[in-house]
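Understanding the architecture of this molecule
This is what each chain is made of:
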Amino acid sequence: MDKLLTFTVVGVATAAIYAVIASGLVLTYTTTGVFNFAHGAAGMLGAFCYWQLRFDWGWPTPVALLVVLGILGPAFGVLLERVIMRGLAEASETVRLVVSISLLIGLIGLAQIIWAPGISRPMRTFFQAAAPVRLGPASITVHQIITIAVAVAVALGLRAVLYGLRLGVAMRATVDDRSLARLVGVRPERVAMAAWALGTCLAALGGILIAPGISLDAATLSLLIVNAYAAAIFGRLRSLPMTFVGALVLGLTDAYLTGYLPQNQYLPGLRLASPVILLFLVLLALPNPRLRGRLRITPEVPRPTAAGAVTFAALVVLSGVIAATTMTEPDLLTYARVFPVGIIALSLVPLTGYAGQISLCQLSFAGIGAVTVAHLGSDGNPAALLWAAAITAAVGALIALPALRLSGIYLALATAAFAVALDRWIFTLPRFSVFGLFDVALFGQGTLSVAPLEVAGVGFGGARARMVLMAGAFALAALVVVAVRRSRFGRQLLAMKDSEAACATLGMNLLGTKVAVFALSAAMAGVGGALLGMERGSIAPGTFELVAGLPIFALAVVGGVGTIGGALFAGLSLHGLLPLLAALLPGVTGYLVLLPGLAGIGLGRNPAGAVTDIRDGFAPLVRSPRVLGPTVALVVGWWVLRLAGVLTNWPFALLVLATPVGAVVAAQLAERPRAHDEALAWEWRGLLRRWSESDLEELDRALGPLGAGVGGGPA
Amino acid sequence: MTFAPGRAPVAGRGAPGAPAGPPPLLELRRVRAAYGAIQVLFGVDLTVPAGTVVALLGPNGAGKTTTLRVAAGLLSPTAGEVRVAGRAVQGVHPEDLARAGLCLIPEGRGVFPNLTVREHLRMMTYTGRSLADIEAVTYERFPRLADRRRQLAGTLSGGEQQMLAMARGLATDPALLLLDELSMGLAPIIVEELYGIVAAIARDGMAILVVEQFARTVLGVADHAAIMVHGRIAHAGPPAGLADELSAADLGGTSP
Ligand SMILES: Nc1ncnc2c1ncn2[C@@H]1O[C@H](COP(=O)(O)OP(=O)(O)O)[C@@H](O)[C@H]1O
Ligand SMILES: [Mg+2]
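Source: prediction; values computed, not measured.

**Brief notes about the overall build of chain B**
Scanning chain B from N- to C-terminus turns up nine helices and ten strands. Looking at chain B alone, contacts between residues at least 24 apart form 70% of all its contacts between residues at least 6 apart. Total accessible area computed for chain B in this model is approximately 10,700 Å², and 53% of it derives from carbon and sulfur atoms.

Written out as structure tokens, the structure is:
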């Protein structure tokens, strides 16, 4: 009985913190429509700032609290709204998600730059010296009392704001109908700014309350918020009272699991994973939130030609061969990861790009694939790759079942929960046996080594051979994706993205299609992970964490999630550009962690952003064999010169990079029409040659009756 | 920004284009508008002089709602000019137009389902009127809403919802009122009641633009009418002479 009371007290205190954080999340989500994945990261920053003021600089507690909660928190919220979130209301759900995920990545990076990780930063609880208050047989600390009181105050305060203040009523009105709110005179930016300021403040408050109980670590704190997400989902991201109930369920579950779970080596992880497991269950159990009945016009997904795909694949292999024969061994080890990570990103193309299903657990599939080859392919047997594909496909099919009921942000959360459950629990399990039938070994609570592939006596142990293997595998995976896009199955996926209801009406088998695309995508990610494991040589659970997978997702979307080029872009940015910049500019290495985050945040500013422009710019190169042929020939020429020792590494690298760029410029010039062309397109007239009377007459004739209407107007 | 009250004396009614007097409350000149690549309005000219009721009629999909959205600032025209009380309002936000005295009651039920009746009245104070005034006017005109002040708008009947939406047009005392298909989905008796109110406030001199698909409901209150077909004003003139035009214009829908 004492024990029960003791753990109830602990549970309620934990619940209070979750409730504070989750209510901030609900507030911003409902009023602005942006589900802020970085909400926890904002709380993390709040906790760090408080630590800095209160414990590092020794400010008095009230002053530090006032500065963090009264100034920094709201200011940061307003900044977020002004700089990042404004305008996202019109963006697609995927873009919104990518922006907030990128913000999460960026904020973790920022915190690690300011507060170097690995240093102990102790934080005392409030009134740590005060004696706990006796509560019958149990006791409660003053910090716990304060925490619970804060949660109650937040609940009452939010109610007062939302129902008592005109601004609060305006927030709720905006949730109901944004354009009607504007018609009655509500300024939506004002409302959004207030919501972000308040939401960020609540996140910071939660961060300050929870940080003393756990370590002050950027990633841990940011992800702890996944627990708060679970509470918010209890309220279906809308109802604050239900959110508080959810927080209570989560806090108590956590406390009772701590108190009553049998002590063995399998279950401690279960407690850590319990919030995400609950999240998963709640997502499934709650009636699926009705989707807003809005017709979406989804951007067209390009349909590559077979010849184009084969050319692309050949070029990828060629570049792999060139890299393998010119780079140093350490460089090869660094840059070869472009391809396996590219394959993991490629697995998002059918799933997210074609079928519109968001998954944040592709890297977890990759982890499962890597573990599979580590165990089954210790002799380099290529059959292990098939096993990796088969096992991850089966797991992926399993994930497809909840996906049947979930979409958008809810599916993203469910897959994130799956990833975290693997991170915190499954991947940390020791060897266990399933119903005594067969043994399952995962990471064995440590690192695993992965043997290189050996096909028909040819080993891929050397870095050079492996580079070619990886490039070849990426090329193959790209061909598979193109084949999917060009098939009937691919058309079904695109149709499903446009309207599941319409597909069901037409008699399409949604279950089968979803299971198939999840299985396919998971298998690709699994093989990518297996290859990544081979490339690395050894793997640890941390390699495949949720946080590590987020940049891949964000960059694949930035690069164009419906495209193979987008996947290559993700691989190239993470394992090509970043190491290259680090090598070129050693002084700023620490800041490079911000780049993926910034790229994703930039997407929000300009959804069809720079990458699209770059891709369109390169289009003539791929389109016209007249340009492509000489370009490839030139690159091969430089390569021969390099192999012959005529060129050294740097000039060679520059030439190889400059050649396609030059070719693109040349191609664009070649496509430019001639000035004396009779049927010169209208937009060039007056630019390439002087505007003449005959042009005017021709224009009049072309416009016909419509042209007359411009002057006269309808009678 | 506020509009000049612009209340023309009743004597000035029905005199569009009269040389003297205040500028028209709403003036669209060759307005074109599009949703993305889909063009919907092809050069619309429309004037609502101070103190008049103008009816804008036309079949489903003609672009009437779009015209109102352009006038209220929710949608930017791709070409042409919108003037409110004589001023060009290019780029002015809808919330600022609303605060300045332009009131659009959108089509369907223009209410917030999760706000109570009283909270709706509270939201009307953005126009600068006091809550007490707004409550007085609303409950006087619609006593039924007074009994339901604590009820969520989403749980009101269709007619009551439309009354609540209409209340904004009355209680905030706008200079220009735009009504989009008040009659949609309502019983004829309620429609009659609502248009009775429109006629009453029109007598007080408010400039009103009413949009309807079916003419009969509004021609009685309008001073001036225009027929819109395929994003263009096909005909404009006094309502009396319009009955023939109406049967000539393809009104698409089924007759009431
Ligand atoms: N949000 C929108 N996106 C694309 N097209 C639209 C949108 N809203 C209306 N339309 C199109 O614009 C045309 C005019 O619509 P609307 O102004 O609502 O007509 P009305 O109110 O006269 O029935 C219709 O053909 C309709 O399909
Ligand atoms: Mg309409």
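On we go.
**Observations regarding the domain arrangement of chain A**
All names here are of chain A. Assigned domains within chain A: domain 1 (2–117 + 140–263 + 273–282), domain 2 (309–547), domain 3 (609–670) and domain 4 (679–707). At the junction of the two partners, domain 1 supplies 20 residues and domain 2 supplies 18 residues. Of the roughly 1,600 Å² buried between domain 1 and domain 2 on both sides combined, carbon and sulfur atoms contribute 84%. If you look at where domain 1 meets domain 2, you find zero salt bridges. Put simply, domain 1 and domain 2 have zero residue pairs in polar contact (both at pLDDT 80 or more) between them. Of all the elements in the fold, those that place two or more residues in the side of domain 1 that touches domain 2 are α4 (93–114), α9 (218–234) and α11 (268–285).

**Points about the site of ligand 1**
Residues and elements named next belong to chain B. Taken together, the neighbourhood of ligand 1 is formed by Tyr35, Val40, Pro59, Asn60, Gly61, Ala62, Gly63, Lys64, Thr65 and Thr66. Here an oxygen atom of ligand 1 and a backbone polar atom of alanine 62 are 3.2 Å apart. A distance of 2.6 Å is found between an oxygen atom of ligand 1 and a side-chain nitrogen or oxygen belonging to threonine 65. Relative to its unbound accessible area of 550 Å², ligand 1 is 61% covered by the protein chains. Ranked by residue count, the leading element in the shell around ligand 1 is helix α1 (residues 64–71), at three residues. Residues belonging to the shell around ligand 1 are distributed by class as follows: four nonpolar, five polar and one charged.

**So, the domain arrangement of chain B**
Residue and element names in this part refer to chain B. Taken as a whole, chain B is organised into domain 1 (22–101 + 175–256) and domain 2 (111–173). On a C-alpha basis, the centroid separation for the pair domain 1 and domain 2 is 23 Å. At the junction of the two partners, domain 1 supplies 16 residues and domain 2 supplies 13 residues. Of the roughly 1,200 Å² buried where domain 1 meets domain 2, counting both sides, 70% is carbon and sulfur surface. Looking at the side of domain 1 facing domain 2, the largest losses of area belong to Arg99, Leu194 and Ile197, adding up to 35% of the total buried there. Where domain 1 meets domain 2, there are zero salt bridges. Our count for the contact surface shared by domain 1 and domain 2 stands at one residue pair in polar contact (both at pLDDT 80 or more). Contributing elements (two or more residues each) for the side of domain 1 that touches domain 2: α2 (94–100), β7 (176–180) and α7 (188–203). For the side of domain 1 that touches domain 2, the element with the most residues is α7, which contributes seven residues. Broken down by class, the residue content of the side of domain 1 that touches domain 2 amounts to 13 nonpolar, no polar and three charged.

**As for the sheet that holds strand β8 (residues 207–212) of chain B**
All names here are of chain B. Taken together, six strands build an open sheet; the order of strands is β6-β7-β8-β3-β9-β10 and the sheet is mixed. Only two strands of the sheet have a single neighbouring strand rather than two, namely β6 (102–105) and β10 (232–237). Each strand of the sheet is rotated relative to its neighbour by a mean of 15°, with strand direction disregarded. Bridging between strand β3 (residues 53–57) and strand β9 (residues 224–229) involves four bridges; their strand directions are parallel. Bridging from a neighbouring strand, alanine 55 pairs with alanine 225 of β9. The sheet strands contacting α1 are β3, β6, β7, β8 and β9, and the helix crosses β7 at an angle near 150°. The strands touched by helix α6 (residues 158–171) are β6 and β7; relative to β6, the strand with the most contacts, the crossing angle is about 170°.

What counts, and where the lines are drawn
Residues numbered from 1 in each chain as written. Chains lettered and ligands numbered in written order. Predicted model: local features only at pLDDT ≥ 70, side-chain atom pairs only at ≥ 80, totals over all residues. Heavy atoms only, no water. Helix = DSSP H or I, 4+ residues; strand = E, 2+ residues; numbered from the N terminus. Contact = heavy atoms within 4.5 Å. Areas by Shrake-Rupley, 256 points an atom, 1.4 Å probe, with all protein chains shown as cover. Domains from an automatic or database assignment. Buried area = accessible area lost by both parts, 1.4 Å probe. Salt bridge = Lys/Arg side-chain N within 4 Å of Asp/Glu carboxyl O. Polar contact = N/O pair within 3.5 Å; in protein donor to acceptor, adjacent residues only side chain to side chain. Near = heavy atom within 4 Å. Nonpolar A, V, L, I, M, F, W, Y, C, P; charged D, E, K, R; others polar. Pairing = 2+ DSSP bridges. Axes fitted to C-alpha atoms, helices over the stretch in contact; angles between N-to-C directions.

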